[in-house]
Amino acid sequence: MAAKELKLMVFAHLGQEWRPCGQLLMTEEGARVRASSFAYGLHYARRADALEVDPVSLSLRNLEDVLSKRLLPVNQLPLFGGIRDAAPDSWGRRVIEAKLKVPANSLPESQYLLHAGSDRVGALDIRATISDGPSHGANVSHDLEHLLEAADRIEEGEPVPAHLEAIFKDGTALGGARPKASVRDEHGVLWLAKFSSRKDSFDIPGVECAALRLAAEAGLQVPALDMRTVGDRKVMLIRRFDRYWLAPTATPGAADDLLLTRPGDGRVEHRRGFVSGLTMVACDETESRTKAYTDLSQAVRDRCHPSVIRADNAELFKRMIYNVLVSNDDDHLRNHGFLWDPRLPGWRLSPLYDVLPRASHATERFLHLGVGPHGRLATLDNALAAHAMFTLSRTEAAQLIGDVWKTVREWQVYFERFGVSDQEIAKIAPAFRHLDAVSTAELRKLLP
């Protein structure tokens, strides 16, 4: 099949408006991207509030270098990580394929990018030409029942009737493998709705929500959460942390709080740039399992604003500890994110997301990412041995381990409080590990 070259326009949402920021050139052969390049617009790149499309390959730190040539992805990647993060992942692709009535994974990457719509995660949009306008979904809360029904049909490979076609607007831009859609509540705030599947063997939305709430109790940064029941099905709602509200006259950099929850008093929705850990580590998805939390900690040092490096690395270390204790081995690089904070201005860790304990009776367990000098082995000793890479002393790291354990050891009490049934608690219980099973006596002596 002959290779095809095409040009797409990349837009960034700055303040209250979409701004064209550059041209993406892609070479595709069938469904595969062979190569890509990018050129920033001169006017855009010189804006004081210009957002980097990709903080690694398309950094705006050395402006004159950026403007002097077309830029290529680092590490010989075929596509820029920042563009890849603006594309739908597994679930969003299935929705687009159902909309277009085509086989799975049959479209060129450019078509997934173009059909994802303007409500995709982050502050970028991809359009065919500079004159094309944004494409928004319905995003209304009363569509939950219809969206859930449409998601079931897509999972089963069934056609989606006309009255359920809101899923084609509200579900196309999203990542992950599980059914989901974006919805707005009665205040106009944007949430991510994660649905149960009829194939689930346990209450995944309920357990995931409880696991995130438990993480918040342990001091980790977690977005606002809610649970809804639609018929006999659970729906978990996560407030989109890539959106915030400001008064029309306020500037993002001067905002006291980027986490305003309601659009009242004339406040206007703004967007925050988002990239995955995959982009910050600058690798292909197939390489994710060869990477480690220390690669993310290095990315924090290299790419995040200096004022947040120490706090973000401590947060990253605690997340690693939490994943060890709850057996969350779905901690791949796409499940770690970074947000652009205009108050700094600069990149920082996003709130925690996609945490699901996995029940196991194995004595020896592993995370997806490397933990310490013993690779992916999920033990606290292995994690503690990597403390220096997180800008932590051994004493500080031990303190953080103790802080997380004090909460996780009471997980059943919290899960009951969060509304998880006894039956579901019994199913998930083998995921949670006792301190004695994941640490040596020597380490336990260091804990507060």
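Residues numbered from 1 in each chain as written. Predicted model: local features only at pLDDT ≥ 70, side-chain atom pairs only at ≥ 80, totals over all residues. Heavy atoms only, no water.

**Student:** Explain the overall build of the protein to me, please; I cannot follow it from the model alone.
**Tutor:** Each helix and strand counted, the protein has 16 helices and 13 strands in total. Seen through its C-alpha atoms, the protein measures out along the principal axes to roughly 65 × 55 × 50 Å. Going through the 448 residues of the protein one by one, you find that 55% of them count as buried. For the protein, the proportion of contacts with a sequence separation of at least 24, taken over those separated by at least 6, is 64%. When the accessible surface of the protein is split by element, carbon and sulfur atoms take 50% of a total near 18,900 Å². Averaging the locations of the 57 positively and 60 negatively charged side chains of the protein gives two centres separated by 2 Å. (Helix = DSSP H or I, 4+ residues; strand = E, 2+ residues; numbered from the N terminus. Buried < 20%, exposed > 50% of the residue type's maximum accessible area, 1.4 Å probe, protein only. Contact = heavy atoms within 4.5 Å. Areas by Shrake-Rupley, 256 points an atom, 1.4 Å probe, with all protein chains shown as cover. Lys, Arg positive; Asp, Glu negative; His and termini not counted. Charge placed at Lys NZ, Arg CZ, Asp CG, Glu CD.)

**Student:** What exactly am I supposed to notice about empty space enclosed by the protein here?
**Tutor:** The method is simple in principle: a probe with the dimensions of a water molecule rolls over the atoms, and the space it marks as empty is what remains. Within this structure, the stated rule accounts for six cavities of 30 Å³ or more. Estimates place the volume of the largest cavity at around 50 Å³. Around the largest cavity, the lining residues are Gly 82, Asp 85, Ala 86, Val 121, Gly 122, Ala 123, Leu 124 and Phe 274. Partitioned by chemical class, the residues of the lining of the largest cavity number five nonpolar, two polar and one charged. (1 Å grid on protein atoms, 1.4 Å probe; cavity = no way out; pocket = protein on both sides within 12 Å on 5 of 7 lines; lining within 4 Å. Points joined across faces, edges and corners; volume = space filled by probe spheres on them. Nonpolar A, V, L, I, M, F, W, Y, C, P; charged D, E, K, R; others polar.)

**Student:** Any chance you could explain the sheet that holds strand β6 (residues 190-195) here in plain terms?
**Tutor:** What links the strands of a sheet is backbone hydrogen bonding, and the strands pair in either a parallel or an antiparallel sense. Spatial strand order, β5-β6-β8-β7: four strands in an open sheet with antiparallel pairing. Unpaired on one side and paired on the other, β5 (180-184) and β7 (225-230) mark the two borders of the sheet. Here the strands of the sheet are splayed against their neighbours by 30° on average, with no regard to which way each runs. Sitting on the sheet, helix α6 (residues 144-155) touches β5, β6, β7 and β8 (233-239), and the angle it makes with β6 is about 45°. (Pairing = 2+ DSSP bridges. Axes fitted to C-alpha atoms, helices over the stretch in contact; angles between N-to-C directions.)

**Student:** Please explain the environment of Arg 272 as it appears in this structure.
**Tutor:** Structurally, Arg 272 can be placed in the loop between β10 (268-271) and β11 (274-276). Of the polar contacts made by the side chain of Arg 272, one reaches the backbone oxygen of Trp 340; its length is 3.4 Å. (Polar contact = N/O pair within 3.5 Å; in protein donor to acceptor, adjacent residues only side chain to side chain.)

**Student:** Would you mind showing me how to read the packing of aromatic side chains here?
**Tutor:** Ring pairs (aromatic) are described by centroid distance and by the angle formed between their planes. Under the defined criterion, the tally for this structure stands at twelve aromatic pairs. Between Phe 241 and Tyr 353 the ring centres are 5.9 Å apart and the planes differ by 40°, which places this aromatic pair in the tilted class. Within this pair, whereas Phe 241 is found in the loop between β8 and β9 (243-246), its partner Tyr 353 is found in the loop between β13 (346-349) and α12 (380-384), the two being separated by 112 residues in sequence. Of the two residues examined, Phe 241 and Tyr 353, each falls in the buried class. (Phe/Tyr/Trp six-rings, centres within 6.5 Å; stacked < 30°, edge-to-face > 60°.)

**Student:** Would you mind going over helix α8 (residues 204-217) with me for this structure?
**Tutor:** Residue pairs three or four apart in sequence face the same way in an α-helix, which turns once every 3.6 residues. Given a rise of 1.5 Å per residue, 14 residues ought to cover 20 Å, and the 20 Å separating the end C-alpha atoms of α8 matches this to within 8%. At the N-terminal end of α8, a side-chain oxygen is found 3.0 Å from the backbone nitrogen of Gly 206, two or three residues along, and the residue is Asp 203. (Expected span 1.5 Å × (residues − 1).)

**Student:** What is the right way to read the pattern of salt bridges from this model?
**Tutor:** Between side chains of opposite charge, a pair can form as their charged atoms come close. A complete count under the given rule lists 31 salt bridges for this structure. Note that Arg 310 is salt-bridged to Glu 396, the shortest N-O span being 2.9 Å. With a gap of 86 residues between them, Arg 310 in helix α11 (residues 309-326) and Glu 396 in helix α13 (residues 394-408) connect regions that are remote in the sequence. Overlapping salt bridges, with partners in common, bring together Arg 184, Arg 240, Asp 242, Arg 243 and Glu 269 in one network. (Salt bridge = Lys/Arg side-chain N within 4 Å of Asp/Glu carboxyl O.)

**Student:** Just to check I follow, could you spell out the pairing of β13 for this structure?
**Tutor:** Put simply, side chains in a regular strand alternate between the two faces of the sheet. With four bridges connecting them, strand β12 (residues 337-341) and β13 associate as antiparallel partners. Paired with Trp 340 across the two strands is Trp 347, which belongs to β13. The hairpin turn running from β12 into β13, its antiparallel successor, is four residues long.

**Student:** I keep staring at the sheet that holds β12 and nothing clicks. Help me out?
**Tutor:** In space, the three strands of this open sheet follow the order β11-β12-β13, with antiparallel pairing throughout. Edge positions in the sheet fall to β11 and β13, since each of these pairs with one other strand and no more. Within this sheet the neighbouring strands show an average axis-to-axis angle of 30°, counted without direction.

**Student:** How do you make sense of the packing of helix α4 (residues 90-100) against α6 when you look at a structure like this?
**Tutor:** Helix-helix packing is characterised by the crossing angle of the two axes and by the distance between the axes. In the contact formed by α4 and α6, the axes pass within 10 Å of each other and the chain directions differ by 85°. Here α4 lies roughly perpendicular to α6, going by the angle between them. Facing Trp 91, Arg 94, Val 95 and Ala 98 of α4, the residues of α6 in contact are Ala 151, Ile 154 and Glu 155. (Parallel < 35°, antiparallel > 145°, perpendicular 65-115°, else oblique.)

**Student:** Teacher, can you tell me more about the side chain of Arg 184 here?
**Tutor:** Along the chain, Arg 184 turns up in strand β5. Only 2.8 Å separates the side chain of Arg 184 from the backbone oxygen of Gly 188, close enough to count as a polar contact. Among the polar contacts made by the side chain of Arg 184, one reaches the side chain of Glu 269 at a distance of 2.8 Å.

**Student:** Whenever I open this one, the nonpolar core confuses me. Can you help?
**Tutor:** What tends to happen in soluble globular proteins is that the nonpolar side chains get buried as a cluster. In this structure, Tyr 40, Tyr 322 and Phe 415 are the most contacted members of the largest nonpolar core, which totals 103 residues. Of the residues forming this core, the biggest block, ten residues, is contributed by α11. Beyond its immediate sequence surroundings of up to four residues, Tyr 40 is in contact with Cys 21, Gly 22, Ala 45, Leu 51, Glu 52, Val 53, Asp 54, Leu 58, Leu 60, Val 66 and Leu 71. In this structure, Trp 91, Val 95, Ile 154 and Val 160 belong to the second largest nonpolar core, which totals 19 residues. (Core = buried A, V, L, I, M, F, W, Y, C linked by side-chain atoms within 4.5 Å.)

**Student:** How do you make sense of the side chain of Glu 97 when you look at a structure like this?
**Tutor:** Structurally, Glu 97 is set in helix α4. Of the buried charged residues, Glu 97 lacks a salt bridge, with Arg 94 as the closest side chain of opposite charge at 5.9 Å. Ignoring sequence-local partners within four residues, the contact set of Glu 97 consists of Val 102, Pro 103, Ala 104, Asn 105, Ser 106 and Tyr 112.

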